[in-house]
Amino acid sequence: QVQVVESGGGLVEAGESLRLSCSASGTILSINDMGWYRQAPGKQRELVAIISSGGTTSYADSVKGRFTISRDNAKKTVYLQMNSLRPQDTAVYYCKVNARRTWSYSDYWGQGTQVTVSS
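Residues numbered from 1 in each chain as written. Predicted model: local features only at pLDDT ≥ 70, side-chain atom pairs only at ≥ 80, totals over all residues. Heavy atoms only, no water.

A short note on the overall build of the chain
Test applied: The helix count covers DSSP runs of H or I at least four residues long, the strand count covers runs of E at least two residues long, and both are numbered beginning at the N terminus. The globule rule used for comparison is 2.2 Å times the number of residues to the exponent 0.38, while the radius of gyration itself is calculated over C-alpha atoms. Relative accessibility thresholds used throughout: buried, under 20% of the residue-type maximum; exposed, over 50%; partly exposed, between the two (1.4 Å probe, protein chains only). Here a residue-residue contact requires only that any non-hydrogen atoms of the pair lie within 4.5 Å. Accessible areas in this description were obtained via Shrake-Rupley with a 1.4 Å probe; residue shielding takes into account the shown protein chains only. We treat Lys and Arg as the positive residues and Asp and Glu as the negative residues; His and chain ends play no part in the count. Every charge is mapped onto a representative atom, which is NZ of Lys, CZ of Arg, CG of Asp or CD of Glu.
When helices and strands are tallied, the chain shows zero helices and eleven strands. Put simply, the chain runs from its N terminus to its C terminus through helices and strands in the order β-β-β-β-β-β-β-β-β-β-β. What you see for the chain is a C-alpha radius of gyration of 14 Å, in line with the 14 Å of a compact globule of 119 residues. Once the C-alpha set of the chain is aligned to its principal axes, its extents read approximately 45 × 25 × 25 Å. Out of the 119 residues belonging to the chain, those deemed buried represent 41%. A separation threshold of at least 6 residues defines the contact pool for the chain, and within that pool the share at least 24 residues apart is 55%. Just so you have it, the chain exposes about 6,300 Å², and 46% of that area is on carbon and sulfur atoms. Here the chain carries 13 positive and 9 negative side-chain charges, and the mean point of each set is 6 Å from the other.

Notes on the side chain of Thr 77
The condition is simple: Any N or O atom pair separated by 3.5 Å or less is treated as a polar contact, with the protein-specific requirement of one donor-capable and one acceptor-capable atom, and with residues adjacent in sequence counted only for side-chain atom pairs.
Looking at the secondary structure, you find Thr 77 in strand 8 (residues 77-82). You can call Thr 77 buried: its relative accessible area is 5%. In terms of polar contacts, Thr 77 uses its side chain to reach the side chain of Ser 23, at 2.9 Å. Apart from residues no more than four positions distant in its own chain, Thr 77 is found in contact with Cys 22, Ser 23, Met 34, Ser 70, Arg 71 and Asp 72.

Examining the state of the cysteines
Definition in use: Sulfur atoms of two cysteines make up a disulfide when they are within 2.5 Å.
For the coordinates displayed, the defined rule picks out one disulfide. With a sulfur-sulfur separation of 2.1 Å, Cys 22 is cross-linked through a disulfide to Cys 95. Linking Cys 22 and Cys 95, the disulfide has an S-S dihedral of approximately -75 degrees and is accordingly described as left-handed. With a gap of 73 residues between them, Cys 22 in strand 3 (residues 18-26) and Cys 95 in strand 9 (residues 91-100) connect regions that are remote in the sequence. By relative accessible area, which is 0% here, Cys 22 ends up buried.

Quick look at the structure:
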């Protein structure tokens, strides 16, 4: 099995920063993409940022210039540095890891961490 655990969420004021972490563990042969998604109440889950095994990144337009995704392959960990937070960034943030246990890659999700930004 693969376990994915996020941490670092919390309550902050607008303009402040938070850093989310997500670690994968278990029987993992290799990891492809690692990404952060978020889901606000009443809305669909959306992609926030994604990083490939080679370090190529992609961001949602709404977070470009404010959020930075990075990863530590040795630790099987992905980070999301969130600066200049806005109330509309309030959501549950989920980590997704595309990992290979045996013959093929599968997506594994964490349980989510709440980020609340007050105005």
